[in-house]
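Summary of structural features
The lines below spell out each chain.
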Amino acid sequence: MMQFLKYVLATIVGLILFSFVGFLMLIGLGAAFSSSDSKTSVASNSVLKLDLDKPIEERSSNNPFGDFGPIRSTGDAIGLIELKQALKDAKEDKNIEGIYLKTETPAAGWASLEEIRNALIDFKASKKFVYAYAEGMSEKGYYLASVADKIYLAPTGELEWNGLEAELSFFKGTLDKLGLKPEIFRVGEFKSAVEPFIREDMSEPNRRQVTSFLNSINDHMLVRVAQSRALRVDSLKRYADNLTIQTPQDALRTKLITNVGYQDELEAVIRKQLGVDEKKKINYVSLSKYEDSEKTGADSEGSGSNRIAVIVASGDIHSGKSSDNTIGSETIVEELRKARQDEKVKAIVLRVNSGGGSALASDMMYREVELAKKAKPVIGSMSDYAASGGYYMLMGCNKIVAEPNTITGSIGVFSLLFNTENFFKDKLGITYDRVKTNTNADFPTATHEMTPFQKQAMQRATERIYAQFTSKAAAGRKLPVDSIRAIAGGRVWTGTQGKGIGLVDQLGGLDDAIKLAAQSAKLKDGDYRLKYQPRKKEFFESLMNSLSGDEESKVQAQLGELAPYVAYLKKLKMMQGIQMRLPFEIDIR
């Protein structure tokens, strides 16, 4: 027995020592990666290679292993803010001669694509080249590639050019089979976020609004592509209607692309452009390595003690702390408060990419915006989405800036409860009984049907929040309440449409919002620095995520095509209280 205990004790001591040594190694690794000496230099005559066939989010996460293949997390995403900064740096970098662009099926919203596209156009002002290559391209991929000087499409590849589609999912049939009865309380003819639970298709009001904003996005895309490729909008529409683009040769004939060819053929052109011998490799620099490099000739971030705080909020809205893909009111309120109280911060830009969420959490952040703008200018910047609760966050700002293809509006409210009584009884054999001290002590409930009186109470609460939403929107936008309610009702608009009806002040991206903030604070160019908040994860936080992989990636790997439905269930769990949300899932492609 003593011998056994000795072995156990030795094993425990060994594990402790191993853990301690491993911890010290991690500290050393962290110091090595975080050291300023780890900055790489960019060789002369280099080409920035942009692979944009990845998820594109507002900000990237700090991946400590960069491009080290197998250690790289499958959940890595390109940060829009970091990508735009890299393009701005590369424009002035004497060592960067041009860009090799790979953009086939980027996972991004249309407003994010707009900002990237504009940054590429700005890069071209340096007279450096932008060449694009693809084996196949979706409309989103082509929208970015359309600004390139040369667009190569593989001889056996394809270019999707058949117009945009918005597809919504509906779950009424599933709920019926399970015996789950949704109890819906909403305000607004167009508030369609609840339709997936009570219908098998779109209602006519919802179909009208989706048709309206989808055509607005498509029209904007066609105009921009026509400008870049010296084509006519009506020709582009005809190509889509008639499915004209069936082969790469069709794309070449209609001048959507410049060349049909393989990657090596494009690289031969790049070598000639650079003056590099055909036997030598082209000196490509990846985005991740370029972000970590010492830039030559790049603009500085500005000088002086003045700051503009850029507070980035992306994801579904809920109470509590933010995560990588959600907006927690506690986190954003804290960041707004810190920016308001910091004397070095002269203006605030609130950057929002959200289709909404908790009404309560949205109101907490709105209140902090109201307090902040009493101390300094607060400018709202809309990304892909700033709708419903996302719009609520911004409507108190001094000015609101949106991209033409931003999805916004959706000023409406709903409450959602599920009556699970039949599900538990018929499917699982579980029944419930109760004792109450008061008539409505069980209100609200999910285990049995609510009484008509209780349902009326829920509807009144929903209407009360809607009245607050519209009245605060009217005050923030300096419009009569009746004018706001005429364009509210849960209806969704694009940024272009929103500007026309008073929901938006100016069309543009984050850079435009920052310039507006500087002007409002009477700051000159180069007289301020940007301070992005909340902070990015530190080395060890990113290290743990890289080694373990994020939850979303694990679900995707395990469930494949079923993964989105698991995401829906997670959203359902977060729907506590009265909600301000877009339709559950809008997939524009």
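Conventions adopted
- Residues numbered from 1 in each chain as written.
- Predicted model: local features only at pLDDT ≥ 70, side-chain atom pairs only at ≥ 80, totals over all residues.
- Heavy atoms only, no water.
- Buried < 20%, exposed > 50% of the residue type's maximum accessible area, 1.4 Å probe, protein only.
- Helix = DSSP H or I, 4+ residues; strand = E, 2+ residues; numbered from the N terminus.
- Pairing = 2+ DSSP bridges.
- Right-handed = clockwise from strand over helix to strand, strands pointing away.
- Contact = heavy atoms within 4.5 Å.
- Axes fitted to C-alpha atoms, helices over the stretch in contact; angles between N-to-C directions.
- Core = buried A, V, L, I, M, F, W, Y, C linked by side-chain atoms within 4.5 Å.
- pLDDT = per-residue confidence, 0-100.
- Salt bridge = Lys/Arg side-chain N within 4 Å of Asp/Glu carboxyl O.

With eight of nine residues buried, strand β6 (residues 129–137) is to be regarded as a mostly interior element. Where strand β5 (residues 96–102) and β6 come together, four bridges link them in parallel fashion. Opposite Leu-101, over in β6, you have Ala-132 as the bridge partner. For the crossover that starts at β5, traverses helix α3 (residues 110–124) and ends in the parallel β6, the hand is right-handed. Sheet analysis places β6 next to strand β7 (residues 150–159), joined by six bridges and oriented parallel. Looking at the pairing, Met-137 lines up with Leu-159 of β7. The parallel pair β6 and β7, bridged by helix α4 (residues 139–145), forms a crossover whose chirality is right-handed.

A few words on the sheet that holds strand β10 (residues 259–260). Pairing in this open sheet of six strands is parallel, and the strands run β10-β7-β6-β5-β2-β11 from one edge to the other. Since the sheet does not close on itself, it has two edges, and those belong to β10 and β11 (284–286), each with one partner. Helix-sheet contacts for helix α10 (residues 263–274) involve β2 (46–51), β5, β6, β7 and β11, and the interaxial angle to β6 is about 175 degrees.

Once that is clear, we can look at the nonpolar core. Of all hydrophobic cores here, the largest spans 61 residues; its most connected members are Leu-50, Ile-99, Tyr-142, Trp-161, Leu-236 and Leu-256. Here this core takes eight residues from helix α7 (residues 204–229), the largest share from any one element. In contact with Trp-161, not counting residues within four places along its chain, are Glu-139, Tyr-142, Met-221, Leu-222, Val-225, Leu-236, Tyr-239, Ala-240, Ile-245 and Leu-256.

Another aspect to go through is the confidence of the model for the protein chain. With 80% of its residues at a pLDDT of 70 or more, the protein chain shows a mean pLDDT of 86. Note on residues 64–75: pLDDT is under 50 here. Beyond four places in sequence and across chains, it has 27 contacts. The model gives residues 539–544 a pLDDT under 50, and that stretch makes 16 contacts with residues more than four places away or in other chains.

A few words now on the pairing of β2. Each regular strand shows side chains that alternate between the opposite faces of the sheet. Pairing of β2 with β5, which is carried by six bridges, proceeds in the parallel orientation. Within the sheet, the bridge partner assigned to Ser-46 lies in β5 and is Ile-96. With three bridges joining them, β2 and β11 adopt parallel strand pairing. Paired with Leu-48 across the bridge in β11 is Val-285.

Another aspect to go through is the environment of Leu-371. With respect to the element layout, Leu-371 can be found in helix α13 (residues 359–372). Along the sequence, Leu-371 and Arg-340 sit 31 residues apart, while their C-alpha atoms lie 8.1 Å from each other.

Right, let's get into the environment of Glu-82. Take Glu-82: it is sitting in helix α2 (residues 80–92). Residue Glu-82 is classed as buried on the basis of its relative accessible area of 14%. Considered as a pair, Glu-82 and Glu-58 are 24 residues apart in the sequence and their alpha carbons are 8.6 Å apart. Discounting chain neighbours no more than four positions away, the residues touching Glu-82 are Glu-58, Arg-59, Ser-60, Glu-291 and Lys-536.

Counted according to the given criterion, the structure contains 28 salt bridges. As a salt-bridge pair, Glu-449 and Lys-455 come within 2.7 Å of each other at their nearest N and O atoms. Look at Glu-449 and you get partly exposed, because its relative accessible area is 30%. Taking relative accessible area as the criterion, Lys-455 reaches 23% and is therefore assigned partly exposed. Within the structure, one salt-bridge network assembled from shared partners comprises Glu-58, Lys-84, Glu-115, Arg-351 and Asp-511.

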